[in-house]
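Here are the chains, one letter per residue:
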Amino acid sequence: QASTSELYGMVQEVPQTERTPFYPRSPYGVAKLYAYWITVNYREAYNMHASNGILFNHESPIRGETFVTRKITRAMARIVLGMQQTIFVGNLSSRRDWGHAKDYIRAMHLVLQQDVPDDYVIATGITTSIRDFIKMAGEELGLQITFTGKDSDEKGYLTAIDERVFITHVGEQYFEQFRKRIQNKVSSKTIGVPLISVDAQYFRPTEVELLMGDATKAREKLGWIPKYDLKGLVTEMIKSDIELMKKDAYLREGGYRTLNYFE
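Residues numbered from 1 in each chain as written. Predicted model: local features only at pLDDT ≥ 70, side-chain atom pairs only at ≥ 80, totals over all residues. Heavy atoms only, no water.

## A word on the overall build of the protein
Next, step 1: Summing up its helical and strand segments, the protein has eight helices and 11 strands in all.
Next, step 2: Reported as C-alpha extents along the three principal axes, the dimensions of the protein are approximately 65 × 35 × 35 Å.
Next, step 3: Considering only contacts in the protein between residues 6 or more positions apart, those separated by 24 or more positions represent 74%.
Next, step 4: As displayed, the protein offers around 13800 Å² of accessible surface, 52% of which is attributable to carbon and sulfur atoms.
Next, step 5: Across the protein, 34 positive and 33 negative side-chain charges occur, with their mean positions spaced 4 Å apart. (Helix = DSSP H or I, 4+ residues; strand = E, 2+ residues; numbered from the N terminus. Contact = heavy atoms within 4.5 Å. Areas by Shrake-Rupley, 256 points an atom, 1.4 Å probe, with all protein chains shown as cover. Lys, Arg positive; Asp, Glu negative; His and termini not counted. Charge placed at Lys NZ, Arg CZ, Asp CG, Glu CD.)

## Side note on the packing of aromatic side chains
Next, step 1: If you walk through the whole model with that rule in mind, you get nine aromatic pairs.
Next, step 2: Aromatic side chains Tyr-8 and Phe-22 sit 5.4 Å apart centroid to centroid with 55 degrees between the ring planes, which places their arrangement in the tilted category. Here Tyr-8 is found in the loop between β1 (2-4) and α1 (27-46), whereas its partner Phe-22 is found in the loop between β1 and α1, with 14 residues between them in sequence.
Next, step 3: We classify Tyr-8 as buried; its relative accessible area is 0%.
Next, step 4: On the basis of an interplanar angle of 75 degrees and a centroid distance of 5.9 Å, the ring pair of Tyr-104 and Trp-224 is categorised as edge-to-face. Linking Tyr-104 in helix α3 (residues 101-112) with Trp-224 in the loop between α7 (216-222) and α8 (230-253), this pair joins segments that are 120 residues apart in sequence. (Phe/Tyr/Trp six-rings, centres within 6.5 Å; stacked < 30°, edge-to-face > 60°. Buried < 20%, exposed > 50% of the residue type's maximum accessible area, 1.4 Å probe, protein only.)

## Considerations on the side chain of Ser-60
Next, step 1: Considering the arrangement of structural elements, one finds Ser-60 in the loop between β3 (58-59) and α2 (68-80).
Next, step 2: Assessed through its relative accessible area of 10%, Ser-60 is described here as buried.
Next, step 3: What Ser-60 contacts, discounting residues up to four positions off in sequence, is Arg-70, His-100, Ala-101, Leu-233 and Met-237.

Below, the structure written as structure tokens:
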């Protein structure tokens, strides 16, 4: 049963292990609490080989586009291609334990190879804020993003461009177009071109500030160790979304309509 770190919600300890009490803070987390315990119940009642993988955030280039990581990488690709101007996000200070979906699928397979079913936390043990994830995504495209302000007034500005990195990952023709666009947006009142804006509608009514897993049990019993780091994951997601959004850009240049992916 693919369980979730959202079970921990208002975390009772850091990092979270298989023994950390659950305190879900969303309807999704509450529903997954039932799924977790019904799995345990069927295992104990009917001797089924049923296990819970308490999976922390696992991402990939095919992550759903409304999940914040994919929303960011898609939007960054659209910005450098001239298809979008601003990314609207919620709590920039939320921290998550992000890993690559490939590593997590490997963990699932290992769980199912065990003679005895059990429950396992699957996590990297490293947390990153939404703010820093945005910075990492920008760096992959040669964009330096600087944040100023607090809470709902916080904004992210483009303060420098690495031309070499931009051209390598996006293309020379797009660099010239991007440079011309941002020249018209620089204001003496700002430190750079505004790219990131906080929208209060994205704040959760019961916010989950920090999730960080301790996968010691999975390492010791399953021999599971993540092969991917977050930088490699971001690189892969940005590269994929640049290619995907170039197709949309090409269609637009040909006079065809395409969907807007940002909310």
